[in-house]
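Descriptive analysis of the structure
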Amino acid sequence: MASPFLDHVAEFMTVRRYARRTVDTYIYWIRFYILFSKKQHPAKLGDADVELFLNYLANQRHVAPRTQATALNALSFLYSKVLQKPLSLNLEFNRSQVSPKLPVVLTRPEVAALLRLIDPKYKLIAQLMYGSGLRLMEAVRLRVQDIDYDYLSVMVWQGKGNKNRRVTLAPELVTSLKQQTQHVLRYFQADLANPDYAGVWLPFALARKNPSAPKQLGWHYLFPSIKLSLDPESKCIRRHHLDESCVRREIKIAARKAEIRKNVTCHTLRHSFATHLLESGADIRTVQEQLGHTDVRTTQIYTHVLNHGASGVKSPLSQLL
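Small disclaimer: the values here were computed from a predicted structure and weren't measured.

We now examine the overall build of the protein. Secondary structure summary: the protein contains 15 helices and five strands in total. Taking the principal axes of the C-alpha coordinates as reference, the protein spans close to 70 × 60 × 35 Å. Across the 321 residues that make up the protein, the buried fraction comes to 43%. Surface exposure of the protein reaches about 18,900 Å², of which carbon and sulfur atoms provide 54%. Within the protein, the 26 negative side-chain charges are centred at a point lying 2 Å from the centre of the 45 positive side-chain charges.

Structure (structure tokens):
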């Protein structure tokens, strides 16, 4: 059953340009909180109720720390922005505990093997994730015009934290990228011939300010879906980008084929990009800019990969043997 209050929160976030996924995630946790609180309106609840809910997530549901943090972010947004009743900064609750993860990094031969064995349909996007340090969603959301061939760079718009950045592009990918653009062009021409096609989705008010943009090739996704779909918001027929779950699956399959005995994910390619840049002599600030990290301390984890273990510390066993 639809909730007028949750609909109001969703509209409140949409108007303020929150990403669709963020809206869905926050609505999920706010709904969960309301149900946990026996369907009381959040305006009648407060700090103590939020603490009970967060304790429940940690003690009974055993959620991961990031999951608990996401729930807290959703409720903090609800109280501070929607209800105008900010939560206390000194909430007391049992925080989920977990040891920090170390990045999984592939060697150069392992990356080469993975890229050699991946399904050819997904090879280019995997090469971009490794060659330019892109996150998975940054890669699948690339538009045709985001590739700058003159300056051999890729423009990333509204990346994590809603930040924009320009990253390096391997010149070896230029030919493949131009071939991919021709592939997009064939879809584009077929779609324009479809009277029901409303053009590609554009963020914010861009489509209203530039009505012709949705049907311009440059705005179309570089890695398009193979079929048209109904936009759930506008109810228009559009061609979305490639489903990211397909890329995740193919990376896993390629890693198994390459017999890589590591927990390989799409993000492993980004970790490997950063580590290999540092190995090649790039300074930490350059790597920070390429990755789009706000704080250099986030980037320094890759220096730990290089400076620990056999490459940075000599084992005392070596002196015995």
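Structurally, E233 is set in the loop between β4 (229–230) and β5 (237–238). The partly exposed category is assigned to E233, whose relative accessible area is 46%. The sequence separation of E233 and R20 amounts to 213 residues, and the corresponding C-alpha distance is 9.8 Å.

Once that is clear, we can look at helix α11 (residues 266–279). Along its 14 residues, α11 runs 21 Å from first to last C-alpha, staying within 8% of the 20 Å computed at 1.5 Å per residue. By the criterion of burial, α11 is predominantly enclosed, with eleven of the 14 residues buried. One or two positions beyond α11, positive phi appears at G281, with a value near 105°.

Here we take up the sheet that holds strand β2 (residues 153–156). Spatial ordering of the open sheet is given by β1-β2-β3, a layout of three strands whose pairing is antiparallel. The open sheet has two free edges, formed respectively by β1 (147–148) and β3 (165–168), since each of these has just one partner strand.

Taken together, the side chains of R66, K101, K160 and K163 define a basic patch exposed on the protein surface. With respect to the helices and strands, the residue K101 is situated in the loop between α4 (65–82) and α5 (108–117). Judged by its relative accessible area of 75%, K101 falls in the exposed class.

Applying the stated criterion to the full structure yields 13 aromatic pairs. Here F12 and F77 contribute two aromatic rings whose centre-to-centre distance is 6.0 Å and whose plane-to-plane angle is 65°, an arrangement assigned as edge-to-face. Linking F12 in helix α1 (residues 4–15) with F77 in helix α4, this pair joins segments that are 65 residues apart in sequence. Comparing F12 with F77, the two get one shared label, buried. Here F32 and Y56 contribute two aromatic rings whose centre-to-centre distance is 6.3 Å and whose plane-to-plane angle is 80°, an arrangement assigned as edge-to-face. Of the two residues, F32 sits in helix α2 (residues 20–36) while Y56 sits in helix α3 (residues 47–59), which places them 24 residues apart along the sequence. Accessibility expressed as a relative area gives 14% for F32, which makes it buried. Through a chain of ring-to-ring contacts, three or more aromatic side chains come together here, namely Y28, W29, F32, Y33, F36, F53, Y56 and Y79.

Secondary-structure assignment places L217 in the loop between α9 (206–209) and β4. Separated by 17 residues in the primary sequence, L217 and V200 place their C-alpha atoms 9.2 Å from one another. Contact partners of L217, with chain neighbours within four places excluded, come to V144, V184, L185 and F188.

This part is about the side chain of S132. Within the secondary structure layout, S132 lies in helix α6 (residues 120–132). Given the relative accessible area of 0%, S132 is considered buried. Those residues in contact with S132 that sit more than four places away from it in its chain are Q127, V154, V167, T168, L169 and F273.

Glancing now at the side chain of R165. Counting through the fold element by element, R165 comes out in strand β3. R165 gets classed as buried once you look at its relative accessible area, which sits at 13%. Polar contacts involving the side chain of R165 include one to the main-chain carbonyl oxygen of Q290, which spans 2.8 Å. Not counting residues up to four positions away in its chain, the partners in contact with R165 are G133, L134, R135, E138, V154, M155, V156, R270, E289, Q290, L291 and G292.

Definitions and cut-offs
Residues numbered from 1 in each chain as written. Predicted model: local features only at pLDDT ≥ 70, side-chain atom pairs only at ≥ 80, totals over all residues. Heavy atoms only, no water. Helix = DSSP H or I, 4+ residues; strand = E, 2+ residues; numbered from the N terminus. Buried < 20%, exposed > 50% of the residue type's maximum accessible area, 1.4 Å probe, protein only. Areas by Shrake-Rupley, 256 points an atom, 1.4 Å probe, with all protein chains shown as cover. Lys, Arg positive; Asp, Glu negative; His and termini not counted. Charge placed at Lys NZ, Arg CZ, Asp CG, Glu CD. Expected span 1.5 Å × (residues − 1). Pairing = 2+ DSSP bridges. Patch = residues over 30% accessible without salt bridge, like charges linked within 9 Å, V, L, I, M, F, W, Y side chains within 5 Å. Salt bridge = Lys/Arg side-chain N within 4 Å of Asp/Glu carboxyl O. Phe/Tyr/Trp six-rings, centres within 6.5 Å; stacked < 30°, edge-to-face > 60°. Contact = heavy atoms within 4.5 Å. Polar contact = N/O pair within 3.5 Å; in protein donor to acceptor, adjacent residues only side chain to side chain.

Spatial relationships are all this shows, so hold off on functional conclusions.
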